[in-house]
Every structure is written in C-alpha cells, then in structure tokens.
Amino acid sequence: DGGITQSPKYLFRKEGQNVTLSCEQNLNHDAMYWYRQDPGQGLRLIYYSQIVNDFQKGDIAEGYSVSREKKESFPLTVTSAQKNPTAFYLCASRKIAGGPSEQYFGPGTRLTVT
Amino acid sequence: AQSVTQPDIHITVSEGASLELRCNYSYGATPYLFWYVQSPGQGLQLLLKYFSGDTLVQGIKGFEAEFKRSQSSFNLRKPSVHWSDAAEYFCAVGAEAGKSTFGDGTTLTVKP
C-alpha cells in the first residue's frame, strides 16, 4: 500500500535536546511538507520541499531544520532553539506534475518536551 | 496572501440531522479548495476538492461542498449525519506553488 509513514507516534524529550522526526513516503510525490498543529490553531506550515536537495521556509520555521537528500524522505529536526516544541507534527506529500492536486498526510507524531 | 476562515469552532448536531460547515477564503486568483477530516490523534483525510468546473462537488462519506465565487465560500454539507462523522474538519485553500493554507478547524459533535 502506498502512503506516508511517520515515526515514532509519540516522542518524549528533555528541554535542551534536539530531536528528529521521521517522514517517509512511497507515493513517488515530488513535494513534501511539515506542519505543526496546536489545539485551536489549525495547521501551520514549518518547511516544504518541492525537489530533492531544496526546501523553503514556511510560516513558522524558526527553531526547526529539515533536509531532503532523498525523494522519499523529509526528516524534521526540532532544535533546542524552538521555544515551545510540544505539539502534534504532521508530514504531507503532494504530486506536482499534471496540475493541481491534494496533499496526502501521515498519521502524525506527538512530541512532548519537558 | 491567501487565508481561510472557519467561523464555527464547535458545532453539535443530532444524529440523522443535516449538517453545514462554513468556510470563507481569501485568494487573488481562482482558488483550489479542499475539505479534510481529522479524527483525534490521526492525520488528515481528504473529503473532497474543487479545482474548476461544476461548483457542486461530491466527496467521500456522503459529503458535498459548493463553491460560491461571489461569496468567497466553500461550505461543506451532509444531508444526514452519522455518529461516526464526529471529528474535526478543516477547510484549505491551495496555490499553484503548492502551499496550502488551512482554517483553524470546526469540531463536530454528534448527539445520539
């Protein structure tokens, strides 16, 4: 089955530690996205990438970093510079060729930092 | 800049009753519009989308939405709600560059 995998489902870290969230897709999509979701605030875009080895900042990129070394993978690192890292993180992908298309979402990772 | 407003934070309906969730967007060109549904602790699932053509679009699970350019709206409807429809619903507007903007969501509660 094609889809998006995010691991782990739950992640716990101490304040001051960097943590990396995994996102893998086997849909052969070109574009991948990271969103942060907080209660009552909908989804906010952190970073996105439309091609390997290239990515752009979204609306709330401060304190986060990404890489796109392979088409299938788009890991997100939450650094110690992120002031409020506890949140639900969603990864998505989208086909670019052939006109407009929807995003496909992974199951999410809930990060708790104490 | 594109934006989406979902005026209703929380809606409660009785099982079997009809449902309408409101969505208003702001976008300079012809918008690409989406409705997604999210169950607690899960990712988002696409219900339906509008790119062009017929302004009434049908989706999965018996949902439909109507694009009204004059009102900048894309309201989601279902004639008869089931208890399993209880979830959070997100409206989104997308652009050619691939970035989508999401509303803050509407939480649907279904009374037995």
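(A) The overall build of chain B, seen in detail. When helices and strands are counted, chain B shows zero helices and twelve strands. The linear arrangement of helices and strands in chain B, starting from the amino end, is β-β-β-β-β-β-β-β-β-β-β-β. With respect to the three principal axes, the spread of C-alpha positions in chain B is 40 × 30 × 20 Å. When each of the 112 residues of chain B is scored for burial, the buried share is 46%. Counted over contacts in chain B with a minimum sequence separation of 6, partners at least 24 positions apart contribute 54%. For chain B, the accessible surface area stands at approximately 5300 Å², while carbon and sulfur atoms represent 49% of it.

(B) Summary view of the side chain of Q6 of chain B. Residues and elements named next belong to chain B. Take Q6: it is sitting in the loop between β1 (3–5) and β2 (10–14). There is a polar contact of 3.0 Å between the side chain of Q6 and the backbone nitrogen of C91. Among the polar contacts listed, one links the side chain of Q6 to the side chain of T106, at a separation of 3.4 Å. Not counting chain neighbours up to four residues away, the residues in contact with Q6 comprise R22, W35, Y89, F90, C91, G103, D104, G105 and T106.

Conventions we followed
Every chain begins its residue count from 1, and numbering advances along the sequence as written. Chain letters and ligand numbers both follow the written order, the letters beginning at A and the numbers at 1. Where totals are concerned, whole chains, interfaces and linings use all residues; where local detail is concerned, this predicted model gives features only for residues with pLDDT of at least 70, and gives and counts side-chain atom pairs only at 80 or more. Values reported for side chains reflect all heavy atoms of the structure, with hydrogen atoms and water molecules removed beforehand. Per the convention used, a helix needs a DSSP run of H or I reaching at least four residues, while a strand needs a run of E reaching at least two, with both numbered from the N terminus. Categorising residues by exposure relies on relative accessible area from a 1.4 Å probe, with only protein chains included: less than 20% of the type maximum marks a residue as buried, more than 50% marks it as exposed, and the intermediate range marks it as partly exposed. By definition in these notes, contact holds between two residues if any of their heavy atoms fall within 4.5 Å. The protein chains shown are the only cover counted for residues, whose accessible areas, like all others here, come from Shrake-Rupley with a 1.4 Å probe. As used in this structure description, the phrase polar contact means that two N or O atoms lie within 3.5 Å; if the pair is within protein, one of them must be able to donate a hydrogen and the other to accept it, and residues adjacent in sequence are counted only when both atoms belong to side chains.

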